[in-house]
Amino acid sequence: MDILLHPTYFPSIAQCVAMIQAEKVIFEVCDNYQKQTYRNRMTIYGAQGKIPLTVPVIYSQKYRQLYKDIIISNDEKWQDLHWKSIQSAYSSSPFFEFYEHDLAHLFTEEATNLMDFNFRCLDAIMECLQHELKFERTTEFELNPTQQKDYRYLANHRKETEHPLKPYVQVFDDKHGFISNLSVLDLIFNEGPNALLYLEKQQLPV
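Residues numbered from 1 in each chain as written. Predicted model: local features only at pLDDT ≥ 70, side-chain atom pairs only at ≥ 80, totals over all residues. Heavy atoms only, no water.

Draft legend 1. Geometry of the pattern of salt bridges. This model, assessed by the stated rule, comprises six salt bridges. One salt bridge connects glutamate 28 with arginine 152, and the closest N-O pair in it is separated by 2.8 Å. Here glutamate 28 is found in the loop between β2 (24-27) and β3 (41-46), whereas its partner arginine 152 is found in the loop between β8 (149-150) and α5 (173-176), with 124 residues between them in sequence. Arginine 152 carries the same exposure label as glutamate 28, and that label is buried. Between glutamate 109 and arginine 120 there is a salt bridge, with the nearest N and O atoms lying 3.0 Å from each other. Placement of the pair is glutamate 109 in the loop between α3 (96-103) and α4 (114-129) and arginine 120 in helix α4, with a sequence separation of 11 residues. On the basis of relative accessibility, which here comes to 28%, the residue arginine 120 falls in the partly exposed class. (Salt bridge = Lys/Arg side-chain N within 4 Å of Asp/Glu carboxyl O. Helix = DSSP H or I, 4+ residues; strand = E, 2+ residues; numbered from the N terminus. Buried < 20%, exposed > 50% of the residue type's maximum accessible area, 1.4 Å probe, protein only.)

Draft legend 2. A look at unusual backbone geometry. Despite not being glycine, phenylalanine 10 shows a phi value in the positive range, around 40°. When you line up the elements, phenylalanine 10 lands in the loop between β1 (2-5) and α1 (13-21). Positioned with a positive phi, asparagine 181 is a non-glycine residue whose angle comes to about 60°. Here asparagine 181 is to be found in the loop between α5 and α6 (184-191).

Draft legend 3. Layout of the pairing of β2. Here β1 runs beside β2; their pairing, made up of four bridges, is parallel. By the bridge assignment, leucine 4 is partnered in β2 with isoleucine 26. In this view, the connection linking β1 to its parallel neighbour β2 by way of α1 has right-handed handedness. (Pairing = 2+ DSSP bridges. Right-handed = clockwise from strand over helix to strand, strands pointing away.)

Draft legend 4. Structural view of the packing of helix α2 (residues 78-90) against α3. Packing of α2 against α3 leaves a shortest axis separation of 12 Å and a crossing angle of 170°. In terms of axis orientation, α2 runs roughly antiparallel to α3. Only Phe96, Glu100 and Leu103 of α3 make contact with α2, whose side of the interface consists of Trp83, Ile86, Gln87 and Tyr90. Broken down by class, the residue content of the contact of α2 with α3 amounts to five nonpolar, one polar and one charged. (Axes fitted to C-alpha atoms, helices over the stretch in contact; angles between N-to-C directions. Parallel < 35°, antiparallel > 145°, perpendicular 65-115°, else oblique. Contact = heavy atoms within 4.5 Å. Nonpolar A, V, L, I, M, F, W, Y, C, P; charged D, E, K, R; others polar.)

Draft legend 5. Structural detail: the sheet that holds strand β7 (residues 135-137). Strands sit in the order β7-β2-β1-β8 across an open sheet of four strands; the sheet is parallel. Of all the strands in the sheet, just β7 and β8 have a single pairing partner and so form its edges.

Draft legend 6. Highlighting the pairing of β1. With two bridges connecting them, β1 and β8 associate as parallel partners. For leucine 4, the partnering residue across the bridge sits in β8 and is aspartate 150.

In short, the description is geometric, and any link to function would need to be established separately.
As structure tokens, then:
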């Protein structure tokens, strides 16, 4: 099955389930940017529960801007803040030290274009999963595609539905229980080499 997805900031587990199980992945790169989506945010699991991490961007609602043209605002040290939040949340997880060096550079190297940065994050995730993801990019925007299963809605956290993901052990589940469909980082740090098998066995979102 061919699927259509938005490239997002350290994608959710549901997005990764769709990617891993698809025959072909096509990333939407011709759309207009939308605020308050996973294009520039992810959610991790900290001591207080869900923690949203948002990449600040330069965006004007007055004029429509293409997602691929969105520039990251580096006025504040958001990369340092995000990495410290990840370290605080997952330093005691079983596999954090195993993957730490594969991811840390993303939070020290300068990031300017949001979409480019998201593809770099995706490359790092696939390296951690030891999975070669073959994908294409769109050449024009289609509102109602007919050739692919449209999973672009998974980038919109407001419209996102609950997905029947099998629970796995999380660092703070003794405090807040299992939290489903976080950033795939949560799965990788907690499940390590078993993360890919987990993604292969989950039910695709509908």
